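Chain residues, written in single-letter form:
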Amino acid sequence: HFLGHGDCCIGGHEREEENEDEEEDEKVGLLQFGTLTGAHVTDGAAAGVAAWSGQVSPPAKSDGEEDPFSSRVNHPGDMTAFLSATKYIIVAILGVVCMFSFLRRCYPLIFSNNVLKGSAPFELRDAYLGWLWATYSLETKDLIEPCGLDQAMFLEFTHLAMKITALVGIPMIFIMGPINYAFGGAEIRYSDMSVLSLSNVKQGSPLWWVYSLVVWAVAVAVQRTLFRAQMTFLERRFRWLRALPPVRANTVLVEGIPEQFRSDQKLFKFFEDFVCGANHVERAYVVKDTSLLEPKVRALCEAQAGLREAELLWAQDGRAGDRRPLLGCWPLRQLRPPVDSVDFYEQRTKKLEEEVLAEKKRLKKAVAQGPSGGATLSTGFVTFYDRQEAEMAIRLDGISRDVEEWVIDTPPCPTDVRWRDLTQDPRAGLSRLLVGYSLILALLVFYVPIVVGTTNVAEVVDMGPFQPLWRSFAPTAGLQIMVALLPTLLLSIFRNFFTLKAHAWAQRELHDWFFWFQLVYVVLATAIGRDFKAFVLSVCHKPLTVVSLLAGALPFCTHFFMNYILINWFSVTLELLRMAPLTKFLFLRRLYSEKEARELSEPEDQAYNGIGARSARMTIMLTIGLLYGTLSPIVNALILVHFTLCRLTYGYLVPFAETKKNGDLGGSFWVGKLNQVFIGLLVYCVVMVGIIDQHAGHPGPVIIALPSVLFVIWSMRRFRTAFYWNRLPFQEIIATTDSNPKQVNFNTPYVQAEMADSMLHITGGNSGARINGRVRRAVTMATEEMPALRATARTPMHDRSEDSTLSRGSPSPS
């Protein structure tokens, strides 16, 4: 009722109210809300409603007043800016493709490393544009083994998005668009870009009856497509689960171990005596308190990496006695006596090795004392001989009277475990979690002024003859920059304050939260205004207000999102150049060999280019296509091109260039994306019902369209309950696996790397100056913490200490 009824705004159709006092209270409350959230959002949308009815054009902004979202409301002259932006974006994309085709042949270690290693799905043609054929000829089934199921389904989502966009967009462009132009009757005069849009349909037009059916058609088509896609995914998911390495498939994660069972031997005996019976448990491992050992190991790795770099610098100077490298940069060397880098790191490495050995001895002595030693914690891993026993153990419930004891769950990948989270005090973990949520809330509130500022750059800067192009690019480019910075902030919060247990779970959290941030501050920001707090308070006071806000504001921001899609065309294609890894590689190869430089330059930024942020951006673009594709049919064509470029870009980078990531979750991101598409579909139905209510002039179309909201809500609930995908059903476990992919030889056990006796022997040579490339990458990138070190501790089980893990071959921790 905010923008479309009675005296609340201009251009609305009259509505009769039986209770005049109630109507007056509603008007006053909503106008107060408009004052709180910034009246210009209301004015801009109200002007759009007036223009919708064919009465006036959108007015110019009042002098001395700041319109926080004026750059988002459709304006005269938008067609000129849009055509200019399209022309320059296409030229820029062609330039990026040509540059990538040249760089791919010059630097194969960066752009075709998987082909060189033999891990790519197939060989690439040597032609200048031969990679285009390779990209589009890929099938999802070819990507599962070399890239993992998560990445394979990530590319499959581009196919799904193109299918949905074509299914919904083709009728919108070729049927509803011409109908709006021919029979809409509003006679839009202020923008040529709106003649095919929904804003060209006048108040009370019979076409609103048609659009009430269009809402149902879109909801049913998208729902059926998503359900069919999930059915196809289940087959791939179960194949992936059946092909899990035995050490992961046969292991369970146990949390809340009571204090009297906190030792390898007692945990082993408990599961044999009380859970599954004798001769079923292969090994048991209780997580050790390495809070003192782990920082020393990290410092040792850094010292070894520094020594390696110092020796390489000295070797470049011919190992001359007077040319030994010095510690620190030039300004620091002027403030203190020079320190020889090689001597410094050799002494530090030797000292840290002694400290690590001493701490390991102390920790082993405490572990040997059992629970009374205080070195064992409440989390552990139990590995069974048979997978059926592990699956039965995961489904056990009610082992103890305390629901927080003996919590059994599926473990993450052994090389992706965040042991630091497993060794923390549960009370400290809860405190850190509260701090993390507080930081996200602060980011949610204070992000609004930043977004408002970036979207109004075009109103502040005058570019003279280039003003039309600037006005098209500046607001969307500024918003794109802020959206690009957001994943870094969120991922930093997740890694430092959330209890994740696996590094891949940080990407999963980023996927969920980043989607909601974009939905609020990109897709729906026009309705929110510049005061997020006032918006929330008003919606809490009258929840249905949000429907009128969205219905009144969103139809008149279609031009902004068309330009936003264009910017995303370029940003997606730009990822082909892999600028950050390429820059690091070119710098590091002057010091290291090309192979080592390549290892140090990988992976790409996991905040912006990780699967979590990429998945959220894909889902939000499909949401924009669903939401604005009906409001302006041209949006569907732009979204279709966008996902085609995504298929081109990621279809090459993922299988042929980027390093395969640890911690494949087996399609968890796919399920999250489909749930988010349902959320976008729900927003679409709500907005369309609000628009029809404001402009149909008759309750009939609203009565027809309103049940679509309930249908989508039911579909969301049904989607979450109809598909059992998280674990392998028992019938799948028992079924024959003759046609399944071959099992992977994966012998890395669930043991902390710091507890391995061979941990100090990850270096080679007499001086200990050489360090494994994975450790150097972890130290240099400073993002992956300990999994790189754990990946280097690949000592066979018979070489490990007897008390590091308890197996059937070693019945005693001593």
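Small disclaimer: the values here were computed from a predicted structure and weren't measured.

J.: Whenever I open this one, the overall build of the protein chain confuses me. Can you help?
T.: Helices and strands together make up the secondary structure of the protein chain, namely 34 helices and 5 strands. Relative to its full complement of 814 residues, the protein chain shows a buried share of 57%. Only carbon and sulfur atoms are counted for the fraction: they give 59% of the accessible area of the protein chain, which is about 35400 Å².

J.: Hey, could you run me through the packing of helix 24 (residues 558-574) against helix 27 (residues 611-631) in this one?
T.: The packing of two helices is summarised by the inter-axis angle and the distance between the axes. Axis separation between helix 24 and helix 27 bottoms out at 11 Å; the angle between their running directions is 145 degrees. Considering only the axes of helix 24 and helix 27, their crossing is left-handed. Contacts between helix 24 and helix 27 involve Thr 558, Phe 561, Tyr 564, Ile 565 and Asn 568 from the former and Met 621, Ile 624, Tyr 628 and Leu 631 from the latter. In terms of residue class, the contact of helix 24 with helix 27 is built from 7 nonpolar, 2 polar and no charged.

J.: Before we go on, may I ask you to explain helix 24 in this structure?
T.: The end-to-end C-alpha separation of helix 24 is 25 Å, in line with the 24 Å expected for 17 residues at 1.5 Å each. Where burial is concerned, most of helix 24 is hidden: 15 out of the 17 residues are buried.

J.: For this particular structure, what's the right way to read a nonpolar patch on the surface?
T.: Judged by side-chain polarity, Phe 102, Tyr 128 and Leu 129 come together as a nonpolar surface patch covering roughly 300 Å² of accessible area. By the element assignment, Phe 102 lies in helix 3 (residues 78-106).

J.: Sorry, what's going on with unusual backbone geometry here?
T.: With glycine set apart, most residues show a phi of negative sign, and most peptide bonds adopt trans. Here the residue pair Glu 602 and Pro 603 is connected by a cis peptide bond, since its omega of -5 degrees sits within 30 degrees of zero. Inspection of the secondary structure assignment puts Pro 603 in the loop between helix 26 (594-601) and helix 27. In the Ramachandran plot, Trp 406 falls in the positive-phi region, its phi being about 55 degrees despite a non-glycine side chain. Inspection of the secondary structure puts Trp 406 in the loop between helix 15 (387-394) and strand 4 (407-409). Despite not being glycine, Arg 578 shows a phi value in the positive range, around 50 degrees.

J.: In this structure, what is going on with the environment of Arg 395? I would like to understand it.
T.: Position of Arg 395 relative to the elements: it lies in the loop between helix 15 and strand 4. Overall, the relative accessible area of 30% leaves Arg 395 in the partly exposed class. Counting along the chain gives 12 residues from Arg 395 to Val 407, while the straight-line C-alpha distance between them is 10.0 Å.

J.: Is there a simple way to think about the confidence of the model for the protein chain in this case?
T.: When the pLDDT values of the protein chain are averaged, the result is 78; 75% of them are 70 or greater. Confidence drops under a pLDDT of 50 for residues 1-51, and excluding neighbours within four residues, the segment shows 93 contacts in the predicted structure. Note that pLDDT drops below 50 for residues 53-71; the model gives that stretch 47 contacts with residues more than four away or on any other chain.

J.: Would you take a moment to explain the environment of Phe 669 for this structure?
T.: Looking at the secondary structure, you find Phe 669 in helix 29 (residues 668-695). In this structure Phe 669 touches Asp 150, Ala 504, Gln 507, Arg 508, His 511, Ile 611, Gly 612 and Ser 615, once residues within four positions along its chain are discounted.

J.: What is the right way to read the pattern of salt bridges from this model?
T.: Where charged atoms from two side chains of opposite charge approach closely, those side chains can pair. One pass over the full model with this rule turns up 22 salt bridges. With a shortest N-O distance of 2.9 Å, Arg 418 and Asp 421 are connected by a salt bridge. The buried category is assigned to Asp 421, whose relative accessible area is 4%. One salt-bridge network, held together by shared partners, links Arg 578, Arg 598, Glu 602, Glu 604 and Lys 661.

J.: Looking at this model, I keep getting lost on the packing of aromatic side chains. Mind explaining?
T.: The geometry of two aromatic rings is summed up by the distance between their centres and the angle between their planes. Tallied over the full model, the rule gives 40 aromatic pairs. Seen in terms of ring centroids, Phe 270 and Trp 406 are 4.0 Å apart; in terms of plane orientation they differ by 5 degrees. Their pairing is stacked. Pair noted here: Phe 270 is in helix 11 (residues 264-275) and Trp 406 is in the loop between helix 15 and strand 4, with a separation of 136 residues, a long-range link. Comparing Phe 270 with Trp 406 shows no difference in burial state: the two are buried. Look at Phe 517 and Tyr 521: their rings are 6.2 Å apart centre to centre, the planes differ by 50 degrees, and that puts the pair in the tilted class. Placement of the pair is Phe 517 and Tyr 521 together in helix 20 (residues 503-523), with a separation of 4 residues, close to one helical turn. Residue classification places Phe 517 among the buried residues on the basis of a relative accessible area of 3%.

Rules behind the numbers
Residues numbered from 1 in each chain as written. Predicted model: local features only at pLDDT ≥ 70, side-chain atom pairs only at ≥ 80, totals over all residues. Heavy atoms only, no water. Helix = DSSP H or I, 4+ residues; strand = E, 2+ residues; numbered from the N terminus. Buried < 20%, exposed > 50% of the residue type's maximum accessible area, 1.4 Å probe, protein only. Areas by Shrake-Rupley, 256 points an atom, 1.4 Å probe, with all protein chains shown as cover. Axes fitted to C-alpha atoms, helices over the stretch in contact; angles between N-to-C directions. Left-handed = near helix turned anticlockwise from the far one by under 90°. Contact = heavy atoms within 4.5 Å. Nonpolar A, V, L, I, M, F, W, Y, C, P; charged D, E, K, R; others polar. Expected span 1.5 Å × (residues − 1). Patch = residues over 30% accessible without salt bridge, like charges linked within 9 Å, V, L, I, M, F, W, Y side chains within 5 Å. Salt bridge = Lys/Arg side-chain N within 4 Å of Asp/Glu carboxyl O. pLDDT = per-residue confidence, 0-100. Phe/Tyr/Trp six-rings, centres within 6.5 Å; stacked < 30°, edge-to-face > 60°.

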